[in-house]
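Below, each chain spelled out in residue letters.
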Amino acid sequence: GLSGNKGWTPHWRNPEPKSEYDAIIIGGGGHGLSTAYYLAKNHGMTNIAVLEKGYIGGGNVGRNTTIVRANYFLPGNSEFYSHSLKLWEGLEKDLNYNVMHSQRGQIALFHSDGQRDAAVRRGNAIRNQGDDVELLSREDVQRLLPYLDYEQARFPIYGGLLQKRAGTARHDAVAWGYARGADQRGVDIIQNCEVTGIDIENGAVKGVQTTRGAICAKKVGIVVAGRSGQVAALAGMRLPIESHVLQAFVTEGLKPCIDHVVSFGMGHFYISQSDKGGLVFGGDLDFYASYAARGNLPMVEHVMEAGMTLMPMIGKAKLLRSWGGIMDMTPDGSPIIDKTDTKGLFIDCGWCYGGFKAVPGSGYSFAHLMATDTHHESAAKFRLDRFRTGVGLMDEEGTGAQHN
Ligand code: FAD
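Residues numbered from 1 in each chain as written. Predicted model: local features only at pLDDT ≥ 70, side-chain atom pairs only at ≥ 80, totals over all residues. Heavy atoms only, no water.

Colleague: So what exactly am I meant to see when it comes to the site of the ligand here?
Modeller: Among the 37 residues in the neighbourhood of the ligand, the closest are listed as Glu52, Asn60, Thr65, Lys357 and Asn404. The separation between an oxygen atom of the ligand and a polar main-chain atom of Gly355 is 3.0 Å. Coverage of the ligand by the protein amounts to 97% of the 1,000 Å² it exposes when considered alone. Contributing elements (two or more residues each) for the shell around the ligand: helix H1 (30–43), strand E13 (242–253) and strand E17 (319–329). The leading source of residues in the shell around the ligand is E13, at three residues. (Near = heavy atom within 4 Å. Polar contact = N/O pair within 3.5 Å; in protein donor to acceptor, adjacent residues only side chain to side chain. Areas by Shrake-Rupley, 256 points an atom, 1.4 Å probe, with all protein chains shown as cover. Helix = DSSP H or I, 4+ residues; strand = E, 2+ residues; numbered from the N terminus.)

Colleague: Explanation requested: the sheet that holds strand E10 (residues 204–210) in the structure shown.
Modeller: Within a sheet, adjacent strands bond to each other through the backbone by hydrogen bonds, running parallel or antiparallel. Read across the sheet, three strands follow the order E9-E10-E11 without closing on themselves; strand pairing throughout is antiparallel. Every interior strand has two partners, whereas the edge strands, strand E9 (195–201) and strand E11 (213–216), have only one. Taken pair by pair, the neighbouring strands of this sheet meet at an average axis angle of 25 degrees, ignoring direction. Bridge analysis of E10 against E11 gives four bridges, and the strand direction is antiparallel. Along E11, the bridge assignment pairs Val208 with Ile215. (Pairing = 2+ DSSP bridges. Axes fitted to C-alpha atoms, helices over the stretch in contact; angles between N-to-C directions.)

Colleague: Looking at this structure, I do not really get unusual backbone geometry. What am I missing?
Modeller: Glycine aside, negative phi is the norm for most residues, and most peptide bonds take the trans geometry. Phi at Asn192 is positive, roughly 55 degrees, even though this residue is not glycine. Owing to a relative accessible area of 56%, Asn192 belongs among the exposed residues under this scheme. (Buried < 20%, exposed > 50% of the residue type's maximum accessible area, 1.4 Å probe, protein only.)

Colleague: Any chance you could explain the environment of Trp323 here in plain terms?
Modeller: Within the secondary structure, Trp323 sits in strand E17. Taking relative accessible area as the criterion, Trp323 reaches 17% and is therefore assigned buried. Linking Trp323 and Ala293, residues 30 residues apart in sequence, is a C-alpha distance of 7.4 Å. Those residues within four positions of Trp323 in sequence are excluded, and the remaining contacts are Arg63, Leu246, Gln247, Ala248, Phe249 and Val250. (Contact = heavy atoms within 4.5 Å.)

Colleague: I'm lost on the packing of aromatic side chains in this one. Help?
Modeller: Within a pair of aromatic rings, the relevant descriptors are the distance that separates the centres and the angle that separates the planes. Applying the stated criterion to the full structure yields 13 aromatic pairs. Where Tyr72 meets Tyr81, the ring centres are 3.9 Å apart and the plane angle is 10 degrees; that geometry is what we call stacked. Tyr81 carries the same exposure label as Tyr72, and that label is buried. Seen in terms of ring centroids, Phe80 and Trp351 are 5.4 Å apart; in terms of plane orientation they differ by 35 degrees. Their pairing is tilted. Placement of Phe80 in helix H2 (residues 77–89) and of Trp351 in the loop between strand E19 (345–349) and helix H9 (359–372) is noted, with a sequence separation of 271 residues between them. (Phe/Tyr/Trp six-rings, centres within 6.5 Å; stacked < 30°, edge-to-face > 60°.)

Colleague: Explain the side chain of Thr210 here, please?
Modeller: Relative to the helices and strands, Thr210 is located in strand E10. Of the polar contacts made by the side chain of Thr210, one reaches the backbone nitrogen of Arg212; its length is 2.8 Å. Among the polar contacts made by the side chain of Thr210, one reaches the main-chain carbonyl oxygen of Gly213 at a distance of 2.6 Å.

Colleague: Any chance you could explain helix H4 (residues 113–128) here in plain terms?
Modeller: Since the α-helix advances by 3.6 residues per turn, residues separated by three or four positions end up pointing in the same direction. With 16 residues, H4 extends 23 Å from end C-alpha to end C-alpha; this agrees with the ideal 22 Å at 1.5 Å per step. Within H4 the residues assigned to the buried category are Gln115, Ala119, Arg122, Gly123, Ala125 and Ile126. When H4 is viewed along its axis, its buried side chains cluster within an angular range of 165 degrees and face the same direction. Relative to its buried face, H4 has exposed residues pointing more than 90 degrees away, namely Asp117, Arg121, Arg127 and Asn128. Positioned one or two residues after H4, Gly130 has a phi angle of 95 degrees, which is positive. (Expected span 1.5 Å × (residues − 1). Arc of directions from axis to C-beta.)

Colleague: I keep staring at the state of the cysteines and nothing clicks. Help me out?
Modeller: Scanning the model with the defined rule gives zero disulfides in all. The thiol of Cys193 is unpaired, and the distance to the nearest cysteine sulfur, on Cys216, comes to 13 Å. On the basis of relative accessible area, Cys193 is assigned to the buried category, the value being 1%. (Disulfide = S-S within 2.5 Å.)

Colleague: How should I be thinking about the layout of surface pockets in this particular structure?
Modeller: Over the atoms a probe the size of a water molecule is rolled, and this reveals where empty space is left. Taken as a whole, the second largest pocket holds about 630 Å³ of empty space. Arg170, His171, Ser274, Lys276 and Val280 are, among the 29 residues lining the second largest pocket, the residues nearest its centre. Elements that contribute at least two residues to the lining of the second largest pocket include exactly helix H6 (171–184), E13, strand E15 (269–273), strand E16 (278–289) and E17. Its residues assigned to classes, the lining of the second largest pocket shows seven nonpolar, 14 polar and eight charged. (1 Å grid on protein atoms, 1.4 Å probe; cavity = no way out; pocket = protein on both sides within 12 Å on 5 of 7 lines; lining within 4 Å. Points joined across faces, edges and corners; volume = space filled by probe spheres on them. Nonpolar A, V, L, I, M, F, W, Y, C, P; charged D, E, K, R; others polar.)

Colleague: Help me understand the pairing of strand E12 (residues 219–222), please; the structure alone is not making it clear to me.
Modeller: As a general feature of sheets, a regular strand has side chains that alternate between the two faces. As paired strands, strand E1 (residues 23–26) and E12 are joined by four bridges and run parallel to one another. When the sheet's bridge partners are listed, Ile26 is paired in E12 with Ile222.

Colleague: Explain the pattern of salt bridges here, please?
Modeller: All told, the structure shown has 15 salt bridges when counted by the stated rule. Ionic pairing is found between Glu89 and Arg165, a salt bridge with its closest N-O pair at 2.8 Å. Of the two residues, Glu89 is situated in helix H2 and Arg165 in the loop between strand E6 (159–163) and strand E7 (167–168); the sequence distance between them amounts to 76 residues. For Glu89, a relative accessible area of 36% translates into the label partly exposed. Two residues, Asp132 and Arg165, come together in a salt bridge whose shortest N-O distance is 3.3 Å. With Asp132 in the loop between H4 and strand E5 (134–137) and Arg165 in the loop between E6 and E7, this residue pair connects regions lying 33 residues apart in the sequence. For Asp132, a relative accessible area of 22% corresponds to the partly exposed category. Where salt bridges share partners, they join Glu89, Asp131, Asp132 and Arg165 into one cluster. (Salt bridge = Lys/Arg side-chain N within 4 Å of Asp/Glu carboxyl O.)

Colleague: Looking at this structure, I do not really get the packing of H2 against H9. What am I missing?
Modeller: Angle between the axes and distance between the axes are the two parameters that describe a pair of packed helices. It is the contact of H2 with H9, at a shortest axis distance of 7 Å, that shows an interaxial angle of 105 degrees. Compared by their axis directions, H2 and H9 come out roughly perpendicular. Here H2 contributes Phe80, His83, Ser84, Leu87 and Trp88 to the contact with H9, which in turn contributes Val359, Pro360, Gly361, Ser362, Tyr364 and Ser365. For the contact of H2 with H9, the per-class residue count stands at six nonpolar, five polar and no charged. (Parallel < 35°, antiparallel > 145°, perpendicular 65-115°, else oblique.)

Everything listed here is a matter of geometry and, on its own, says nothing about what the molecule does.
As structure tokens, then:
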């Protein structure tokens, strides 16, 4: 930094779009970039472009609260997030990039006997999947998190579920690391290039129209998170997706005081402390459909109240800033990684409020699907047609909302 950026080399090239690629990824978020990386690395497909309408890291991948965990309950999600966490554990070595992955542990609190029962069931499912989890008593929690309010009577703390391998990562570094890794393998990352049309002939995809001209490709992957409904509509599809805003907040930098990720089981509130010292926290969706990447004040108040209920000490911290991202919500809270009815057109979406932890696993399995036309075993249940047939729904909405 003291060199005034002189002599620094860009992490990825800034190529002009070619007229044709073997595959196009629409969306340069975490999922799009990781898909391109694994297409190149695992499947030798390097004549690929990632088309991003803004800049790399400007979407949800750079807006989330960075929680990474593998403590899902239902078959389908369970094996997927387990696989994704294993990829996280080797990611820095794989990308040769410091994404500041920190396995500081996540504690999901419970506040009643019923919630304890549900936590025990979840814990057993997590262990059956081969992942780590521990049931904490109220005394255990008090020892680890002495700063919580153990006196308040409305939502008394009964205990918690601890996953030690869960934690956080530096979100935009994940995007940059994957972008650099993909670029090094020959992938063209094209920023400021919005896809405005999808060309289809005789039931097969032929390419896309963009603000920088038409580009041909026989394989196209839609990976645009909150914009999934709009981009799929370009191909004549109506997705089972609603887009909602989720806000996040960060305080001024403080000395280290919170050394886990903590999730409130009653009040839609989760928190961790960044390596810079800011307390990073969030809550629930702003409950109206919107494409605005900013939130409203009632949810700000709700999240602050939940924080004060759980840890009154937070009232002394000054809030520095807040922001919002657009969430692609499915009816069952679980994602979609699938082919479409158009040959060569694939879709990866529906990550709701929990898709950051999914970035490695999603890219890995979506690349597998795009390259081989078959589902990777870790993501085999993320079928689009479950919303048409009702078969194979995975209603795990609460897991995302409470724990993020
Ligand atoms: P994005 O980064 O949004 O990528 C999609 C990209 O597509 C964007 O860059 C967009 O510009 C581009 N695009 C859209 N339309 C077009 C077009 N027509 N042409 C070209 N490009 C286009 N998940 C967790 O696991 N843990 C958390 O703690 C967590 N907290 C969150 C907190 C907040 C406040 C938010 C907003 C999200 C949170 N999430 C969390 C969810 C997670 O961030 C998302 O699920 C995930 O990042 C979405 O995938 P992505 O990274 O590919 O999305």
